[in-house]
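# Chain and residue survey
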Amino acid sequence: MSANPPIRRAAVLGAGVMGAQIAAHLVNAGIDTLLYELPAKEGNPNGLVNEAIKRLGKLKPAPLGYRDVGKILQACNYQGDLEQLAGCDLVIEAIAERMDWKKDLYGKVVPHLKDDVILASNTSGLSITSLADVLPEAMRSQFLGVHFFNPARYMYLVELIPHAGTDGAVMDRLESLLTTTVGKGVVRAKDTPNFIGNRIGVFSMLSTMYHTGQSGLGFDVVDALTGPAIGRPKSATYRTSDVVGLDTMIHVLSTMKDTLDDDPWHSYFTVPAWLQKLVDQGALGQKTGVGIYRKKGRTIEVLDLDQQDYRASAAELDPEVQALLKERDPAKKLAGLRAHSHPQAQFLWSVFRDLFHYCAYFLGDIADSAREIDQAIRWGYGWKQGPFEIWQAAGWQQVAEWINEDIAAGKTMSDAALPAWVTDGRDGVHSPEGSYSASRETVAARSDLAVYQRQLQPELLVGEQRNAGTTIFEDDAVRLWTLDNDVAILSFRSKMNALSVGVIQGLLKAVDIAERDYRGLVIWQEREPFCVGADLAGAGAALQAGDADSVRGMLADFQKAVMALKYASVPTIAAVRGMALGGGCELAMHCSHVVAAHESYMGLVEVGVGLLPAGGGLKEMALRAQQWTHAGDAFALLQKFYQNIAMGKVAGSAHEAREMGYLRPTDTIIMNSHETLHVAIEQAKAMSEIGYRPPLRNQRFSMPGEIGVATLDMMLVNMHEGHFISDHDREIGHRIATVISGGGIDRGIEVGEDWLLKLEQEHFMALAVQPKTQERIAHMLKTGKPLRN
């Protein structure tokens, strides 16, 4: 038997919010999964678990990557289905955070598990060692903790927590599965309360709450200071608390107080009186509609502790503090905050300082190296940089000196001394060689697990160096480069990787070079999104100036570029992750093959700015309807495609993009977005190796013509009469119907791609010069939202 047999089947024990979502995501990843719950007291024994599966389809954001996940997920109960556990390679227990309940469940299920199963407890902080103690001796080496963050599909972080007896091979096996197959960022944590992510993340929130009280700042002001302004999510601190649930926050704080007696910050692990009062009143946050914030009509109100009532949220930041937050030099920014006398500046310095202090003090206890702490906070809390990264970027020794000064002055939350390693002359904790390990007093290199060889361009920390490859050519718009002198890689440099004039010219040049000197061409972006479509700002400015000809020229060049990708003599691969909208979607559709990360959001969304897809998108959808219909009338599929385009619908995952026709059945979907470049390069080489030939040109396709236009128009008439769409919407929809049906021709007439491209361009320009379309473009550029006029 193989030392590392494949994990083909999994079971999740517990169909609560977390358990059900973990199970759903395992199915998203293609793992046959059983979901267990208690038997129902009446009726179908699987009644409770069936209800949990049904709820998955209603949750937002959607835990299901495609519609059939709920049907594929197998419902089981502990009374009649335990024998099915014998066929499972991985069992994840995810019931409530009660040590006694978990131990009782293990007693029931362990006798049914096979010898080489991996058994894991999904817990946010319970002792893995204590849980392992109740297991049979033979099972302990295969037991460990696993901590998915909520929501399980979208949060990249998963913590793995061994106990002293966990087999290292079991850790490696599960880490490899979670990384590539499930698509997660794995951090190994030590078996300490709350592990890494929540230990540091919750302390940060606790520190912020303490300094809120000390500074007298309002909750809305603090959220304005601790959100995107310092590289954290929009929900910042108190909005995050509302989303998580104020009762959950109290539970976490209570757990810290009960389990961290020897923590020098222990006296602060208390529930603020105002928080306890809110929970006692049933104001639990988002799930009850009222918490620290509430919505009254269209007004967002925030709790004001001075008034003991809610007021309109209207955070005002001091102009000088705002200017400091916009400072690009981290050292100047932190120095400025520390030196400034305004309460907002002093608040921010205090929050940073105490977080740095806490992380340094506990590094050796909770993590193998500084890398695990920074990755856990990035991936689990959505920060752009982890705490050690922020400290290092701001000047390690200078910041350490400031912290020591504040400790001596009694300004810090704790008077605990900084560990000696902090001030041993180092410039930071991250370097190209690795990250500092306080427990081992050495530099720990990144993991050498084979699975990480698939991440050719991993997410780097401050101080690390990227493999930049060899540049083939570059300008302000694009860079063409290679890692192996075999396959060329094209990366955009425009904002949001939009299709500017320079990017389009770069595409044309890249195809020429790839055909001449390389085995394939991969389009891959260093950062998400893949591409948000056309450069609206440039096109909008030209249209406002009456320069329609430049827009027409850009469109013609883009059509030329996508056709060059489609008919290149070498394979062209789109490595998609994140948004591929409008022209970005069209770009991917014309490549020989697409490698799409599961979290890819594709759609032809031009209707939102009063236009229609004219980079070959309508052409491709019309042709796919013909090519993919092997029996019967292709118009039914064309009608489905039309509805998605006319509504500007965006796929919620790569699987949905396949259902909507934006991905082909033969395109590749992978779970980990950091592996798209590796898989795309290997795909290009494989296609080249078997003698790749592009599609034959000058093929002709039978179109529905005028009858198709009339049929699609009937949908518009009904929606218009029902006041669901405006006059302009109706015109856009009619023009899309005209193009996708092949124009005003008789049913069954055959046309080529050039005919459809010409129709796209004609109707795009007819819309582009209209005032209402230009109003939509201007509104989108100003607000980021579509205008329905």
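Preceding block: the structure.
Residues numbered from 1 in each chain as written. Predicted model: local features only at pLDDT ≥ 70, side-chain atom pairs only at ≥ 80, totals over all residues. Heavy atoms only, no water.

This part covers the sheet that holds strand β12 (residues 430–431). Read from one edge of the open sheet, 3 strands run β12-β13-β14, paired in antiparallel fashion. Since the sheet does not close on itself, it has two edges, and those belong to β12 and β14 (442–444), each with one partner. As defined by bridge partners, strand β13 (residues 434–437) adjoins β14 across 3 bridges and the pair is classed as antiparallel. Pairing of serine 437 across the sheet is with threonine 442, part of β14. Sheet strands in contact with helix α16 (residues 370–381) are β12, β13 and β14, and its direction is about 110 degrees off that of β13. (Pairing = 2+ DSSP bridges. Helix = DSSP H or I, 4+ residues; strand = E, 2+ residues; numbered from the N terminus. Contact = heavy atoms within 4.5 Å. Axes fitted to C-alpha atoms, helices over the stretch in contact; angles between N-to-C directions.)

Here the focus is α16. Along its 12 residues, α16 runs 16 Å from first to last C-alpha, staying within 8% of the 16 Å computed at 1.5 Å per residue. Taking burial as the measure, the 12 residues of α16 include 12 buried ones, the bulk of the element. The set of residues buried in α16 consists of Ala370, Arg371, Glu372, Ile373, Asp374, Gln375, Ala376, Ile377, Arg378, Trp379, Gly380 and Tyr381. Phi turns positive, to about 75 degrees, at glycine 382, one or two residues after α16. (Expected span 1.5 Å × (residues − 1). Buried < 20%, exposed > 50% of the residue type's maximum accessible area, 1.4 Å probe, protein only.)

Most of strand β16 (residues 478–482) is tucked away: 5 of the 5 residues are buried. Covered by surrounding structure in β16 are Val478, Leu480 and Thr482 together with Arg479 and Trp481, the residues of both alternating faces. Both strand β15 (residues 470–474) and β16 contribute to a ladder of 4 bridges, which runs antiparallel. Counterpart to threonine 471 in the pairing with β16 is tryptophan 481. Adjacent in sequence and paired antiparallel, β15 and β16 are bridged by 3 residues. Sheet topology note: the β16/strand β17 (residues 487–492) ladder contains 5 bridges and is antiparallel. Along β17, the bridge assignment pairs arginine 479 with serine 491. Following β16, the chain reverses through 4 residues before pairing antiparallel with β17; asparagine 485 in that reversal takes a positive phi of roughly 60 degrees.

Helix α15 (residues 343–366) packs onto helix α14 (residues 330–339) with a crossing angle of 115 degrees between their chain directions and a minimal axis gap of 7 Å. The handedness of the crossing between α14 and α15 is left-handed. Contacts from Leu334, Leu337 and Arg338 in α14 reach Ala345, Gln346, Leu348, Trp349, Phe352 and Phe356 in α15. For the contact of α14 with α15, the per-class residue count stands at 7 nonpolar, 1 polar and 1 charged. (Left-handed = near helix turned anticlockwise from the far one by under 90°. Nonpolar A, V, L, I, M, F, W, Y, C, P; charged D, E, K, R; others polar.)

If you walk through the whole model with that rule in mind, you get 25 aromatic pairs. Where tyrosine 358 meets phenylalanine 362, the ring centres are 4.8 Å apart and the plane angle is 55 degrees; that geometry is what we call tilted. Here the residue tyrosine 358 and the residue phenylalanine 362 both occupy positions in helix α15, the gap between them amounting to 4 residues, near one helical turn. Judged by relative accessible area, which is 0%, tyrosine 358 ranks as buried. Ring plane angle 35 degrees and centroid distance 6.2 Å describe the contact between phenylalanine 388 and tryptophan 396, whose orientation is recorded as tilted. You'll find phenylalanine 388 and tryptophan 396 in the same group, each marked buried. Through pairs of rings, three or more aromatic residues link up here, namely Phe352, Phe356, Phe388, Trp391, Trp396, Trp421 and Tyr436. Over the ring of phenylalanine 362 we find arginine 199, and its NZ or CZ is 4.5 Å from the ring centre. (Phe/Tyr/Trp six-rings, centres within 6.5 Å; stacked < 30°, edge-to-face > 60°. Lys NZ or Arg CZ within 6 Å of the ring centre and 35° of its normal.)

Strands pair in a sheet through their backbones, by hydrogen bonds, and they do so in one of two ways: parallel or antiparallel. Sheet architecture is open: 7 strands sit in the order β15-β16-β17-β18-β19-β20-β21, paired in mixed fashion. Taken across any chain shown, the strands that pair with only one partner, and hence form the sheet edges, are β15 and β21 (668–670). For this sheet the average axis-to-axis angle between neighbouring strands, irrespective of direction, equals 25 degrees. When β17 meets strand β18 (residues 520–523), the two strands line up parallel, connected through 4 bridges. By the bridge assignment for β18, isoleucine 489 is matched with valine 522. In the packing of helix α26 (residues 676–689) onto the sheet, the strands contacted are β16, β17, β18, β19 (572–581), β20 (593–603) and β21, and the crossing angle to β19 comes to about 150 degrees.

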